[in-house]
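One-letter residues, chain by chain:
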Amino acid sequence: MAATRREFMITTGAAALGASASKGQSAGVPWYARCYRWGQTNITEKDPERYDVEWWREQWKRTALQGVEMNAGGIVAYYPSKFPLHRRAQFLGNRDLLGELVDAAHRDGLAALARMDSSRLAEDFFRAHPDWFARTAGGQPVRTGDDYIPCINSPHREEYIPGILREIIERYRPEGFADNSWAGMGRDTICYCDNCARRFRDQKGKALPKAADWKDPVYRDWVRWSYARRLEIWELNNRVTKAAGGPDCIWVGSNHAVLASQSNTFRDTREIAKRTPLMLMDNQSRKDGGGFWQNTDDARYVHGLVGWNNFVLESMAMYQHGNGYFRVTSNPPAEARLWMLSGIAGGFQPKYHHIGADSLDRRMYQTAVPVMQWHKKNERYLVNRTPVATAGVVWSQSSFDFYGRDSAVVLAETPYRGMLHALYRTRIPCLPIHVDDIEGEADRLAVLVLPNVGSMSDQQCADVRRFVERGGSLIATGVTSLYDGDGEPRADFGLASVFGAHLQGPAPDRMFAMAAAPGAEGARGRGPGGAAGGRAGGGGGGRGGRGGAAAGAGGPTSALFASGGLGRGPATVHSYLRLRPELRASVFGPHISGEPHDSGVRHPTLAGFEETDLLPFGGSLIALGVDPDRSVLCTYVPPFPQLPTDAVWMRQERTDLPGLIVGSYGKGKVAFLPADLDRRYGLDPIPDHGRLLGNLLRWTAGDNLPFTVEGTGIFGTYLYRQENRLILHLVNATGADNQKALVEEYVAIGPLKVTVKLPDGVKGHSLKPLVSERPLRFRVAQSVAFEIPQLIDHEVVVIE
Ligand SMILES: [Zn+2]
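Note that the coordinates shown come from a computational prediction; the quantities given were computed from them, not determined experimentally.

Quick notes on the rules
- Residues numbered from 1 in each chain as written.
- Predicted model: local features only at pLDDT ≥ 70, side-chain atom pairs only at ≥ 80, totals over all residues.
- Heavy atoms only, no water.
- Helix = DSSP H or I, 4+ residues; strand = E, 2+ residues; numbered from the N terminus.
- Buried < 20%, exposed > 50% of the residue type's maximum accessible area, 1.4 Å probe, protein only.
- Areas by Shrake-Rupley, 256 points an atom, 1.4 Å probe, with all protein chains shown as cover.
- Contact = heavy atoms within 4.5 Å.
- Pairing = 2+ DSSP bridges.
- Axes fitted to C-alpha atoms, helices over the stretch in contact; angles between N-to-C directions.
- Donors = N, O, S within 2.8 Å, 3.2 Å for Na, K, Ca; no water.
- Tetrahedral: all angles 85-135°; square planar, octahedral: opposite > 155°, others 65-115°.
- Salt bridge = Lys/Arg side-chain N within 4 Å of Asp/Glu carboxyl O.
- Parallel < 35°, antiparallel > 145°, perpendicular 65-115°, else oblique.
- Left-handed = near helix turned anticlockwise from the far one by under 90°.
- Nonpolar A, V, L, I, M, F, W, Y, C, P; charged D, E, K, R; others polar.
- Expected span 1.5 Å × (residues − 1).

A. Layout of the overall build of the protein chain. For the protein chain, the count of helices and strands is 22 helices and 32 strands. By residue count, 61% of the 800 residues in the protein chain fall in the buried class. Just so you have it, the protein chain exposes about 30200 Å², and 51% of that area is on carbon and sulfur atoms.

In C-alpha cells:
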C-alpha cells in the first residue's frame, strides 16, 4: 500500500515538474529547491462560500508563482475529514476546498504547501480527550478564548496530528506541510498535565519545576527539555510526511524572524535549520522602531543557519500589518513592496500573504505583481550566492534565554537590532552570524561584533579569543560574556583579558543599565516633579535616586517588555559620557577658569566629535578595572534633574566609570564599549550613538572594505558572490526608515558613486543593472567604479 502511494507521488511530482520545466527549470530538483516565488491566501471559515478559484489561478499566473500555501486542517478542516472531531469550517458545506486548491495548483504546475495549525481545539475535543490538554499547577485546563490548548507531550501530537497529515497526503498529495503554531505553549506557562509530569520524571529524574524561576536549575532543565521536545516534534512530523508522501514531502512548521519570539516558544532556530532544506519564516512587516534593513538582516541570519543554497520563504503581508492589524484592507504598496525588496536583498524567497479569499479592498491584488514579475526575470541572480562581508554581528539564542531570561527583548534583541541598524548606516557590509559559527566563519570576516551577548559558554569565549589572537578585530558592548552558559554571573567577564577590563565587585543586576548608577546624586525625585516626572513605565517608581539603584530594577521593566515591541523602552536615564581628552578650551565657545587644557589627540573612534566633550548616553555604568595597555576614551556622567530648567546642571562632574575602552589583544584591535549604545540606539536612534558605533567599525575594519558607496541618503548595500560574478543590492530607505508612518512614496536619491573591489575570478568587464536596465559607464582596474544616477526603490548591479 505504501509503495503504491509512493509511486503515485513520484508520478504526480514528475507531472508538476514537467510543467515548470518548461519555465526553464531543471527536472529532478525537489520543489523546495526550485520554487522561487510563493503566495498564500490564509483561508477563513467564510471562504468556502466565496473562494473564486479560477480568479486566483489567474492571479497566481500574474504574480509568476511556483508554489502556493493553503489552509488544510488542525483547528478547522477545509475538507471533509474522516476524523469526527476534526471540525469542518463553519461554511464548508459540501465543498472540498483544500482538494480544489491543491488540484488547481497541480494543474498549473505549482507546488502545494498545506498549512496546519495545531495550537488549539474546541470544547467538544476537550470533552472527548481531556487527558490530551495542557493543565495549570492546579489541574485546570489551559484555555485561550473559548478554545483549549492541547499539550505538546500528549497523543494529540503523537497520534492525532500524524493521522491528519496522513489523511491529507493520501487524498491530496500536497508537496509539503507548514504549521502556523506548531510549537505549543510558550515559556511563560509550565504545563503540569500527567504526560508532562511523567515524561519529565522519566527523562530528568525529578518533578516539574514549581514555578518559572531562572535561578532554579530545575527550571533551566525544563527550558532545555522543552526545546528538545520541539525538535522531536519536528522530526516526528517529518517522519510521518516522508513515510506517507515520499522523501521530498517535508514538514516545515513555521518560524518567527524575531529572535525573542523563537526563544519564547522553544524554537531553536539553528537546530531546526539543521533538520530541514527549507525554512518558512514569519515576519510580515516593519514594526515600530524597526526598519526595512531588519528584513534583510533576518534573511541573512537564517541563511547563515540553513545555508545559502537552500531557500527561505517569508510571509509578506499585502494587508495592513505594520500599524495596527487591519487584516482585510490594503497596505500602502510602497510600504509592502519595500519590505519585499528588502527581504529579497537578503535572500528571502517572497511569499505574499492575504487573509481571506475575497477583499472589498481590491488595491492589494496589484501590490505584489511588479515585484514578483521582476523577481521572475532576474531569479537566477537572487539565489545560490554567498555574502561578502567585513564584520559578523554575533547573535546567540541561548544568550537570549539564559542572559535575557524574561527581558530578552530589551537585554538581547534590542542591542542586536540597534547594533545592526547603526552599522547599516556605515555602508560597511555586516552579516549576522550565530555565536557557535564563529570558528567556521572566522576566515572571511575581519571584525566580530558582540552586541551585549551576556551569556557565553567557556567554549564560545575561547572561539572569540582565538579569533582576536589570530588578528581579527573585536567590538563588544555592555555585559558581553559576564554570564556563563546558564546565565549565572561570572566573577569576571569571560573575555576579560581580551577586553582589558575587569569587574570590580559582584556582577550587577541584569537591568542595571536601565537605572541610574549608584552614586547618581540627584538622579531622581529632586525638586518639584522629579527628574523623570511624568514619564510612564519602568524607569522611576520606587527605586530611589541614591545608591543601590540596581536593586529591584527587573520588575516593572520586565513587565513592560513582556508584551512590548522593539520600539518601547523604559524611561530614559539622563546620563552622559565625557570624552577624553577634553578639547573645549581650544574650541569656539565660552570659557571658564579651571577648564581642562588637555593635550593629545583624540582616538580615531571619536572622529566627528571634535567640538564636543560630552555625548548623551541614557544608561548606567559600573566600576571596572582597566589594564594599563588600554585606553579609556570616555567616562560616565551621572544623571541630574531635567526639570525645572533651573536645576539642569551637573551635580557630579566626573566619575572614573569607563564607557569605552580600546586597545589590542594578540594581533587584533579591540573596542569594548561598556556603555551599551547599541541597546540605546535600538530604543532611540540618537545620531551621536550611531556615529560612535559606526566609528568603532570603521576603526576595526581598517581597509577591509569590499566596496564603498558615496552619496547622500539612507540606503542598504549588500554584496554577494555567485560563480564568476558579484551582485550588489542597493535598497533605498531614505525617508522610509525610523518613521512610524507607513511609506506612501519613495524619495529618490543619487547620484551614488560606487567602487567595488574585484576578487579573483571576477573580471569586471560587464555591468548589468537589473532594475533600471540602463547601461552604466564604468572604469576597471583592481576595482570597478561606476555611478548610479538615481536610486528610487532599489537597484541590483551584476558585475561580471
Ligand atoms: Zn503537558
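The rest of the description comes next.
B. Representation of the side chain of Thr367 in the model. Mapped onto the fold, Thr367 is located in helix H13 (residues 364-367). When residues no more than four places from it in sequence are discounted, the contact partners of Thr367 are Met318, Ser330, Pro333, Ala336 and Arg337.

C. Quick look at the sheet that holds strand S32 (residues 794-799). Across the sheet, five strands lie side by side as S13-S26-S27-S32-S29; this open sheet has antiparallel pairing. The open sheet terminates on both sides in strands that have one partner only, identified here as strand S13 (386-388) and strand S29 (767-769). Between one strand axis and the next, the sheet turns through 25° on average, direction left out of account. Looking at chain direction, S13 and strand S26 (residues 715-722) are connected through three bridges and run antiparallel. Bridged to Thr386 within S26 is Arg721.

D. Summary view of the pairing of strand S12 (residues 349-355). Among the seven residues of S12, seven are classified as buried, and the element is accordingly described as predominantly covered. Of the two faces of S12, both are covered, the one formed by Gln349, Lys351, His353 and Ile355 as well as the one formed by Pro350, Tyr352 and His354. Looking at chain direction, strand S1 (residues 38-42) and S12 are connected through five bridges and run parallel. In the sheet register, Asn42 faces S12, and the bridge partner there is Ile355. By the bridge criterion, five bridges tie strand S9 (residues 311-317) to S12 in an arrangement that is parallel. Each residue of the ladder has a partner; that of Ala317, found in S12, is His353.

E. Seen up close, the coordination of the zinc ion. Within the protein, the atoms that donate to the zinc ion are Cys151 (SG), Cys191 (SG), Cys193 (SG) and Cys196 (SG), at distances of 2.2 to 2.3 Å. In this structure, the zinc ion is coordinated by four donor atoms arranged in tetrahedral fashion, with angles at the metal of 98 to 119°. Along the chain, the residues donating to the zinc ion are arranged with the sequence spacing C-x39-C-x1-C-x2-C. Cys193 sits in the buried class, given a relative accessible area of 3%.

F. Region of the structure containing unusual backbone geometry. The residue after Arg580, namely Pro581, is reached through a cis peptide bond having omega -15°. Here Pro581 lies in the loop between strand S19 (576-579) and strand S20 (614-616). A cis amide bond links Leu643 to the next residue, Pro644, at an omega of -10°. Its location among the elements puts Pro644 in the loop between strand S22 (631-637) and strand S23 (658-665).

G. Here's a closer look at the pattern of salt bridges. What the rule picks out here adds up to 48 salt bridges. Of the charged contacts, one joins Asp47 and Arg50 as a salt bridge, the two residues approaching to 2.7 Å between their closest N and O atoms. With relative accessibility at 0%, the residue Asp47 sits in the buried group. Note that Arg470 is salt-bridged to Glu439, the shortest N-O span being 3.7 Å. Highlighted residues: Arg470 in the loop between helix H18 (458-469) and strand S17 (473-477) and Glu439 in helix H17 (residues 438-441), separated in sequence by 31 residues.

H. Spatial organisation of the packing of helix H11 (residues 292-306) against helix H16 (residues 408-424). Two elements in contact, H11 and H16, have axes separated by 11 Å at closest approach and are oriented at 110°. The angle between the axes of H11 and H16 places the two elements in the roughly perpendicular class. In the crossing of H11 with H16, the sense of the turn from one axis to the other is right-handed. Of the residues in H16, those in contact with Trp293, Gln294, Asp297, Asp298 and Tyr301 of H11 are Tyr416, Arg417, Leu420, His421 and Tyr424. In terms of residue class, the contact of H11 with H16 is built from five nonpolar, two polar and three charged.

I. Spotlight on helix H12 (residues 333-346). Helix length check: H12, at 14 residues, gives a terminal C-alpha distance of 20 Å against a target of 20 Å (1.5 Å per residue), a fit within 8%. Burial runs high along H12: 12 of the 14 residues are buried. For H12, the complete set of buried residues consists of Ala334, Glu335, Ala336, Leu338, Trp339, Met340, Leu341, Ser342, Gly343, Ile344, Ala345 and Gly346. Remark: Gly347 follows H12 within two positions and exhibits a positive phi of approximately 105°.

J. Representation of the sheet that holds S23 within the structure. Ordered in space as S15-S14-S16-S17-S24-S23-S22-S19-S20, the nine strands form an open sheet in which the pairing is mixed. Each edge of the open sheet carries a strand with a single partner, namely strand S15 (430-434) and S20. Across the sheet, the axes of successive neighbouring strands diverge by a mean angle of 20°, strand direction being ignored. Two elements, strand S16 (residues 447-450) and S17, share four bridges in a ladder whose sense is parallel. Each residue of the ladder has a partner; that of Val447, found in S17, is Ser473. Helix-sheet contacts for H18 involve S16, S17, S23 and strand S24 (668-673), and the interaxial angle to S16 is about 145°. On top of the sheet, helix H22 (residues 687-701) reaches strand S14 (391-395), S15, S16, S17, S20, S23 and S24; it is set at about 165° to S24, its chief contact.

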